[in-house]
Amino acid sequence: MLKSKTSILVTSDNMGRMNMYGYVKENNVFYRLDRALYFNYQSIDKKNNYSIRFKTLSITSSDNVPQALFANFIQLEEEKINYYINVTKMNDNIYIIKDEAYSSFTCYADK
């Protein structure tokens, strides 16, 4: 189980950063999660659907999640996996980000 506060920053040149802070639990063992994942994104149609490929990550010294365990949730570039999302703007600075099956998280954009 992964439980995390997540913030996402994106730029107009199709790059982004996802900060994750929380924990991963496996077999009643808790691991601290504190990392940033860098990604590229690309629009795939005119209906706000995007393809995302995670490129690299930055792990703080307090993060102790084993890479093999984290790979159960998100895989990096070496796996050559694209993730697909849909972004819907609800109102000023509020966005819903959905993966293929369900709403993953809600974002608030500061201007």
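Below, the structure is looked at part by part. Residue numbering note: each chain is counted from 1, following its sequence as written. Residue-level local features of this predicted model are given only where pLDDT is at least 70; pairs of side-chain atoms are given and counted only at 80 or more, and the full residue set underlies all totals for whole chains, interfaces and linings. Computation of side-chain values covers all heavy atoms of the structure but excludes hydrogens and water.

### Re the overall build of the chain
Secondary structure is summarised from DSSP: a helix means a run of H or I of at least four residues, a strand means a run of E of at least two, and numbering begins at the N terminus for each. The secondary structure content of the chain amounts to one helix and seven strands. Start at the N end of the chain and walk to the C end: the helices and strands fall as β-β-β-β-α-β-β-β. Exposed residues in this analysis have more than 50% of their type's maximum accessible area, buried residues have under 20%, and partly exposed residues fall in between, with area computed by a 1.4 Å probe over protein chains only. Relative to its 111 residues, the chain shows a buried fraction of 24%. Within the chain, contacts between residues separated by at least 24 positions form 36% of all contacts whose residues are at least 6 apart in sequence. In these tables, accessible area is a Shrake-Rupley quantity obtained with a 1.4 Å probe, and a residue counts as shielded only by the protein chains included in the view. Accessible area for the chain stands at about 7600 Å²; split by element, carbon and sulfur atoms hold 50% of it. Pairs of residues are marked as contacts when any of their non-hydrogen atoms sit within 4.5 Å.

### Focus on the pattern of salt bridges
Salt bridge, as applied in this entry: a Lys or Arg side-chain nitrogen positioned within 4 Å of an Asp or Glu carboxyl oxygen. This structure, assessed with the given rule, holds one salt bridge. In this structure, Arg 35 and Asp 63 form a salt bridge, with 2.8 Å as the shortest nitrogen-oxygen distance. Taken as a pair, Arg 35 in strand 3 (residues 29–43) and Asp 63 in the loop between strand 4 (49–59) and helix 1 (67–70) lie far apart in primary sequence, 28 residues in all. A relative accessible area of 10% places Asp 63 in the buried class.

### Regarding the pairing of strand 3
Remember that side chains alternate between the two faces of the sheet whenever the strand is regular. Only strands joined by at least two bridges in the DSSP assignment are considered to pair. The pairing of strand 2 (residues 15–26) with strand 3 spans twelve bridges and is antiparallel. Note on strand 3: the bridge partner recorded for Gly 16 is Phe 39. Between strand 2 and strand 3, which follow one another and run antiparallel, lie two residues, and Asn 27 among them has a positive phi close to 50°. Two strands pair when backbone bridges link them, and strand 3 and strand 4 are joined in this way by nine bridges, in the antiparallel orientation. Residue Asn 40 lies in a different strand from strand 4, and its bridge partner there is Arg 53. In textbook terms, the turn of a hairpin is the stretch between consecutive antiparallel strands, and for strand 3 and strand 4 this stretch comprises five residues, one of which, Asn 48, has a positive phi near 65°.

### Let's talk about the environment of Leu 9
Its place among the elements puts Leu 9 in strand 1 (residues 2–10). When the C-alpha atoms of Leu 9 and Tyr 38 are compared, they prove to be 9.6 Å apart, with 29 residues separating the residues in sequence. Contact partners of Leu 9, with chain neighbours within four places excluded, come to Met 15, Gly 16, Arg 17, Asn 19 and Phe 39.

### Re the nonpolar core
Grouped together as the largest cluster of nonpolar side chains are 17 residues, with contacts concentrated most on Met 18, Met 20, Leu 37, Phe 54, Val 65, Phe 70 and Ile 74. Among the elements of the structure, strand 2, strand 3, strand 4 and helix 1 are those that each provide at least two residues to this core. Top contributing element to this core by residue count: strand 3, with five residues. For the purposes of this section, nonpolar cores are sets of buried Ala, Val, Leu, Ile, Met, Phe, Trp, Tyr and Cys residues that join through side-chain atoms within 4.5 Å.

### A word on the pairing of strand 4
Here strand 4 pairs with strand 5 (residues 83–91) via four bridges, running antiparallel. Residue pairing in the sheet places Ser 51 in a bridge with Tyr 84 of strand 5.

### Some remarks on the environment of Val 87
Along the chain, Val 87 turns up in strand 5. When sequence neighbours within four positions are dropped, the list of residues in contact with Val 87 reads Asn 48, Tyr 50, Tyr 95, Ile 96 and Ile 97.

### Considerations on the side chain of Arg 35
The exposure class of Arg 35 is buried, given its relative accessible area of 2%. Of note is the side chain of Arg 35, whose polar atom sits 2.8 Å from the side chain of Asp 63. Setting aside chain neighbours within four positions, we find Arg 35 in contact with Met 18, Asn 19, Met 20, Leu 57, Ser 58, Ile 59, Asp 63, Val 65, Gln 67 and Phe 70. Side-chain atoms alone can form a polar contact between residues adjacent in sequence; in general such a contact is a pair of N or O atoms within 3.5 Å, and within protein one must be able to donate a hydrogen while the other accepts it.

By themselves, these observations are geometric and do not establish any function.
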